[in-house]
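So you can see what is in the structure, the chains are spelled out below.
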Amino acid sequence: MLILTRKSGERIAIGDDIVLKILEIHGKQVKIGIEAPKHMAVHRGEVFERIQEANLKAASPDPSVFGKLPEALKKRTHIADKDT
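Model, not experiment: these values are computed from the prediction.

## Thoughts on the overall build of the protein
Per the secondary structure count, the protein includes two helices and three strands. The helix and strand sequence of the protein, counted from the amino end, reads β-β-β-α-α. Taken across its 84 residues, the protein has 5% of its residues classed as buried. Counting only contacts in the protein whose residues sit at least 6 apart along the sequence, the fraction spanning at least 24 positions is 2%. Counting only carbon and sulfur atoms, one obtains 58% of the accessible surface of the protein, whose full area is about 8000 Å².

So this is what it looks like as structure tokens:
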């Protein structure tokens, strides 16, 4: 981890496309401006974690669906047989 000390108005460059600017410092709070390409998502840490959790949940199969799968496939097969 790179640790830097910056003053208000100073910048940090990340690669060619990302710039962090220290906008204000008030006590223990720091206001940071982020310049990044539009195609790059920028989120607060807690929002990013919620997005990751939602993605994992969406990608995880629901076990109750697998119990219904054989019956659903049978119905689909019967429909396909009628069409031919």
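## Focus on the sheet that holds strand E3 (residues 29-35)
Adjacent strands of a sheet pair through backbone hydrogen bonds, lying either parallel or antiparallel. Reading across the sheet, the three strands line up as E1-E2-E3 and stay open at both edges, with antiparallel pairing between neighbours. Among the strands making up the open sheet, the edge pair consists of strand E1 (11-14) and E3. With strand direction ignored, the average angle separating the axes of adjacent strands in the sheet is 25°.

## Concerning the pattern of salt bridges
All chains considered together, the criterion is met by four salt bridges. The partner of Arg 11 in a salt bridge is Glu 35, with the nearest N and O atoms 3.5 Å apart. With Arg 11 in strand E1 and Glu 35 in strand E3, this residue pair connects regions lying 24 residues apart in the sequence. The exposure class of Glu 35 is partly exposed, given its relative accessible area of 44%. Here Lys 31 makes a salt bridge to Glu 24, at a shortest N to O gap of 3.8 Å. Accessibility expressed as a relative area gives 45% for Lys 31, which makes it partly exposed. Judged by relative accessible area, Glu 24 falls into the partly exposed class, the value being 33%.

## A short note on a nonpolar patch on the surface
Nonpolar side chains collect at one region of the surface, where Ile 25, Val 30, Ile 32, Ile 34, Met 40 and Val 42 lie side by side and expose about 500 Å² of accessible area between them. By residue number, the principal contributor to the nonpolar patch is E3, which donates three residues. Along the polypeptide, Ile 34 turns up in strand E3.

## Structural notes on the environment of Leu 20
By the secondary structure assignment, Leu 20 is in strand E2 (residues 18-26). Apart from the residues within four sequence positions on either side, Leu 20 is in contact with Glu 10, Arg 11, Ile 12, Ile 14, Ile 32, Gly 33 and Ile 34.

## Some words on the pairing of E1
Pairing between E1 and E2: four bridges, direction antiparallel. Looking at E2, one finds that Ile 12 is bridged to Leu 20. Linkage of E1 to E2, two consecutive antiparallel strands, is achieved through a turn of three residues, within which Gly 15 is found at a positive phi near 65°.

Rules behind the numbers
- Residues numbered from 1 in each chain as written.
- Predicted model: local features only at pLDDT ≥ 70, side-chain atom pairs only at ≥ 80, totals over all residues.
- Heavy atoms only, no water.
- Helix = DSSP H or I, 4+ residues; strand = E, 2+ residues; numbered from the N terminus.
- Buried < 20%, exposed > 50% of the residue type's maximum accessible area, 1.4 Å probe, protein only.
- Contact = heavy atoms within 4.5 Å.
- Areas by Shrake-Rupley, 256 points an atom, 1.4 Å probe, with all protein chains shown as cover.
- Pairing = 2+ DSSP bridges.
- Axes fitted to C-alpha atoms, helices over the stretch in contact; angles between N-to-C directions.
- Salt bridge = Lys/Arg side-chain N within 4 Å of Asp/Glu carboxyl O.
- Patch = residues over 30% accessible without salt bridge, like charges linked within 9 Å, V, L, I, M, F, W, Y side chains within 5 Å.

The values reported here are purely geometric and, on their own, carry no functional implication.
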